[in-house]
Amino acid sequence: MRTPNPPSFPSSRLRRLRMTEALRSMVRETELSATDFIYPLFVVPGKGIRKEVSSMPGVFQLSIDQLVRECAEVRELGIPAVILFGIPEAKDEVGSGAYAEGGIIQQAVRAVKKDVPALVVITDVCLCEYTSHGHCGIVRDGVIVNDESVELLAREALTHAQAGADMVAPSDMFDGRVKAIREILDKNAFPDLPIMSYAAKYASGFYGPFREAAESTPKFGDRRSHQMDPANADEAMREVAQDIAEGADIVMVKPALPYLDVVSRVKRRFGMPTAAYNVSGEYSMIKAAAKMGWIDGERVMMEVLTGIKRAGADLILTYFAKDAVEVLRRHKG
Ligand SMILES: [Zn+2]
C-alpha cells in the first residue's frame, strides 16, 4: 500500500510539510489543469443569440455563429474539448430533429470543426431535447420503450459522426445503446470514433437548471425507469462493466459530487479513462451561495473540481471550465 502508518508523534509531525506554500506545492497529490476539462455548450437556432440561462449565471444558449466564437475562446484557453447539446427548431413525438442531417447539432458540428478544427467536439446523444414529450426515447402507452429508442439513438450518433464529431456521448441510459452505436459507426467507416458513455447516470434532482438550459423537462412522468436509483453503487459497477463490454472508450459518472464514491470505485475497478459530470445543480448551488456572500465561490469551485479529480476522474465535464482555467492561469502567472 502507498500509505503505511506513519511513525508516531513527536518523531512524526505531519504539519512540517504544510508550513509554507512552497512546501505544500511540493507534496501536492492532485493538480488540476486545463486538459482535465470538457466544456458543455447549448446550441439554439437563429443568429446572434447569446441568451443567459437564468438558473445558471455565466451559461448561455448560443446560436451557431456565437457558438463558433465561444469554441475559439475555449480552445485559446487550452481546454481541449466541448460537449454540445442542441435545442431544435421544432419537437415531435419521435425526436426527428435529433437524427436529421440538417439538425441543429449536425450544423453546429460542421461550423465548429470548420473554424476551430483543433478543438475536440463531443456530441451528446439523446432524444429528450428533441421529443415533444421531453422523454429520452419513444413512448408507447406511457412506457419509454428500449429497443426502438436505441435504434434512433444509433442513427443520431451516426449523423453526428458524419457531420464531423470527434466523439459521441450517449446519455440516455437505455440498455444496449453503446453496442448499437459501436456497430453502426463501424459499419459506416467510423471504427476509430470513440464513445464516451454516460455509464452510471443517476436520476438526480441536480439536473434541474440543465433542463431549463436544454429545454428538456419531461411533460409527464420522470426518468426513473432508465436512469439509476441514487441509492445504488453495486449496480453502477454492472452498468459500467456492460458499457465497457459493448465498446465504451470513456465511462462517465453523473452527477459528480453526490457520487464521488462511485467515481472512485469505477476508476479503481476498471482502470478506464473515467469522466465525471459536475452537473448544473452543482454549479448553480455554488453560484447562488457565492452571490449571497455565504461562500467564497472561486475557492469552493476549485475545491470541488480538485475533489472530483482526487476521487479518480480523469476528465471533468463542468460549466466552471473557463473560470477554473482563469484561476489556474492567475496562480501560475
Ligand atoms: Zn435524455
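Cut-offs applied
Residues numbered from 1 in each chain as written. Predicted model: local features only at pLDDT ≥ 70, side-chain atom pairs only at ≥ 80, totals over all residues. Heavy atoms only, no water. Donors = N, O, S within 2.8 Å, 3.2 Å for Na, K, Ca; no water. Helix = DSSP H or I, 4+ residues; strand = E, 2+ residues; numbered from the N terminus. Buried < 20%, exposed > 50% of the residue type's maximum accessible area, 1.4 Å probe, protein only. Pairing = 2+ DSSP bridges. Salt bridge = Lys/Arg side-chain N within 4 Å of Asp/Glu carboxyl O.

Around the zinc ion, the protein contributes the donor atoms Cys126 (SG), Cys128 (SG) and Cys136 (SG), which lie 2.3 to 2.4 Å from the metal centre. Site description for the zinc ion: donor spacing in sequence, C-x1-C-x7-C. With Cys126 in the loop between β5 (120-125) and β6 (139-140) and Cys136 in the loop between β5 and β6, this pair connects stretches of sequence that are 10 residues apart. Judged by its relative accessible area of 1%, Cys126 falls in the buried class. Under the relative-accessibility criterion, Cys136 is labelled buried at 1%.

Attention shifts here to the pairing of strand β11 (residues 274-278). β11 sits mainly inside the fold: five of its five residues count as buried. Of the two faces of β11, the one lined by Thr274, Ala276 and Asn278 and the one lined by Ala275 and Tyr277 are each fully buried. As paired elements, strand β10 (residues 250-254) and β11 share three bridges and run parallel to each other. Paired with Val253 across the two strands is Ala276, which belongs to β11.

Summed over the entire model, instances satisfying the criterion amount to 19 salt bridges. A salt bridge links Lys322 to Glu70, with the shortest nitrogen-to-oxygen separation between them at 2.5 Å. Residue Lys322 is located in helix α11 (residues 321-332), and its partner Glu70 is located in helix α2 (residues 64-76); the two are separated by 252 residues in the primary sequence. For the salt bridge of Glu298 with Arg330, the shortest nitrogen-to-oxygen distance reads 2.9 Å. Linking Glu298 in helix α10 (residues 297-311) with Arg330 in helix α11, this pair joins segments that are 32 residues apart in sequence. Members of the salt-bridge network, linked through shared partners, are Arg50, Glu70, Glu73 and Lys322.

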